[in-house]
Amino acid sequence: MSDVRALIMSLPNPVIVVGQDSRIRGVNGPAHRLVGNDCDGWHYVTALRQPAVLDAVEATMADGGHRTTRYLGNDGARDTVWDVSVSGVALAEGRAVLLSFQDMTAVEDAGEMRRDFVANVSHEMRTPLTSLLGFIETLRGPARNDPAAQDRFLGIMEQEAGRMHRLVEDLLSLSRVEDQERIRPTTKVMLNTLISEVVEALTPVAKANDVIFHYSIPTTPVEVLGDWGQLWQVVSNLIENGIKYGGAGKTVELQLTEPAHQNALMQEGVRFSVIDQGEGIPAHHVARLTERFYRVDSHRSREVGGTGLGLAIVKHIITRHRGRLRIRSEMGQGSDFTVILPVDADSSAKN
C-alpha cells in the first residue's frame with residue numbers, strides 16, 4: 001500500500017482508495033481539501049457521506065466494476081461539482097476501490113449560463129411575438145374594414161418588429177465580440193475624431209429628447225490601438241444611454257482626457273466619460289449592470305428600446321481592448337460611465 005500512497009500523492013486531482021475493510025487506505029492532498037478533513041483510516045461512509053457516492057462505492061466493492069457518479073463540494077467561496085470515477089482495483093492487500101474526482105464546476109457554470117441565456121432570449125422574444133400574432137389576428141378579423149385601427153396596429157407592429165430586430169442585432173454583435181475577445185486590436189484609432197462623429201450622428205436623437213451635449217474633447221489627436229467599429233459601439237451605446245436615461249431638459253457631459261498615467265491600467269492611457277443628470281442608479285444594481293439582460297427598470301428600458309445587452313457588449317469590447325469600465329452613480333445625482341483605454345495595447349498586456 002505504501003507504493004499506492006506514493007502514487008496517489010503525486011496526482012493533481014483528488015484521489016481516495018478504500019480498502020476491502022471499508023476503511024480509507026489512501027488519500028492525497030487535493031482529496032483532503034475536498035472532503036474537508038484528514039480522513040485516512042476512517043470508514044468511507046463517515047468520510048464521504050453523500051448517498052450517491054456511497055452507493056457507488058458499495059456496489060463496486062461487491063462486484064469490482066466501474067461506475068461514475070457526482071460529488072457536491074464547496075471550496076469556501078462557492079459550491080463545486082465533481083465527477084467521480086469509482087473503480088475496483090486489485091492490490092497486494094486485497095481488493096480495493098479507487099475514487100478519482102474531476103472538477104466539473106466550470107462546465108456546470110457554462111451550462112447554466114447557456115440555459116439562462118436561452119431562457120432570457122426566449123422571454124425577450126415572446127412578448128413582441130405575442131403582440132404581433134395578436135395584431136395579425138385582429139387585422140384579419142374585427143379590424144378588417146377599419147382603416148384607423150389598421151394604421152394604429154401597423155404602427156405598433158412596426159415598433160415590436162423593430163424591437164426584435166434590435167435584439168437580434170445585439171445578439172449577433174455580442175457573439176462577434178466574444179469570438180474576438182482574445183484578439184488584441186492593432187489598428188490606430190483617433191479617439192477624439194471618433195467621438196466627434198458619434199456626437200454628430202446622435203445630435204438629432206438628443207434634440208428629439210431635449211438633451212444638450214456639453215463636451216470637453218482635446219483638439220490634438222488622441223490615438224489608441226483599437227477596432228474603430230467596436231469603439232464606435234462603446235461610445236454610441238454610452239451616449240445613447242445618457243440621452244435615454246438622463247432626462248429631458250438635462251445635459252449629457254462628454255469628457256476625453258489626453259494620454260496620462262492611469263492607475264487602473266498601471267500604464268499610460270486615456271479616459272472617456274459620459275456623465276448624465278438622471279435619477280441615478282441604486283448602489284446594489286451598479287455591479288450587475290454589465291450582465292446580459294440585466295435591467296434596473298425593465299419596463300422603462302423596454303419603453304426606450306433597450307435590449308438589456310448594450311452594456312454587456314460594451315464590457316466585452318473594453319476587455320478586448322485591455323481597458324477598464326468604471327461606473328459611478330448616486331441617487332438624484334446622475335451617473336458617470338468612464339472607459340479607460342491603454343494607449344499601447346502591447347504594454348497593457350505586460351502588466
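Check the entry above for the structure.
In this report, we go over the structure that sits alongside the text. Along each chain, residue indices are assigned from 1 in the same order as the chain's sequence is written. Local features in this predicted model are restricted to residues whose pLDDT is 70 or higher, and side-chain atom pairs enter the listing and the counts only when it is 80 or higher, whereas totals over whole chains, interfaces and linings include all residues. In computing side-chain values, all of the structure's heavy atoms are included and hydrogens and water are not.

Some details on the packing of aromatic side chains
For the record, the criterion: Any pair of Phe, Tyr and Trp rings, taking the six-membered ring for Trp, is counted once the centres come within 6.5 Å. Such a pair is stacked with planes under 30 degrees apart, edge-to-face with planes over 60 apart, and tilted for the rest. Runs of E in the DSSP output that reach at least two residues are strands. Runs of H or I that reach at least four are helices, and both are numbered from the N terminus. Only protein chains enter the calculation, and the probe is 1.4 Å; a residue is then buried if its accessible area is under 20% of its type maximum, exposed if over 50%, and partly exposed in between.
With the rule as written, the count across this model stands at 2 aromatic pairs. Relative to Phe101, the ring of Tyr71 lies with its centre 5.6 Å away and its plane at 90°, an arrangement referred to as edge-to-face. With a gap of 30 residues between them, Tyr71 in strand S3 (residues 66-74) and Phe101 in strand S5 (residues 94-103) connect regions that are remote in the sequence. Here Tyr71 and Phe101 have matching classes, each one buried.

Remarks on the nonpolar core
The following threshold applies: Among buried residues, the Ala, Val, Leu, Ile, Met, Phe, Trp, Tyr and Cys ones that are joined through side-chain atoms within 4.5 Å form a nonpolar core. Any two residues whose heavy atoms approach within 4.5 Å at even a single point are treated as in contact.
If you look at the biggest cluster of nonpolar residues, it comprises 45 residues, and the most contacted ones within it are Leu191, Ile195, Phe213, Ile239, Leu254 and Phe272. The biggest single contributor to this core is helix H7 (residues 191-208), with 7 residues. With residues near it in sequence (within four places) discarded, Phe272 still touches Ile195, Val235, Ile239, Leu254, Gln255, Leu256, Phe337, Thr338 and Val339. If you look at the next biggest cluster of nonpolar residues, it comprises 22 residues, including Val18, Val27, Ala47 and Leu99.

Here we look at unusual backbone geometry
What you tend to see is this: most non-glycine residues have negative phi, and most peptide bonds are trans. Phi is positive for Arg49, which is not a glycine, with a value near 70°. Its location among the elements puts Arg49 in the loop between helix H3 (44-48) and helix H4 (51-63). The phi torsion at Arg322 lies on the positive side, around 60°, for a residue other than glycine.

Brief notes about helix H11 (residues 310-320)
With 9 of its 11 residues buried, H11 lies for the most part within the structure. Contacts made by the buried residues of H11 are with helix H6 (147-180), helix H8 (228-246), strand S12 (324-330) and strand S13 (334-342). Arg322 sits one or two residues past H11 and shows a positive phi near 60°.

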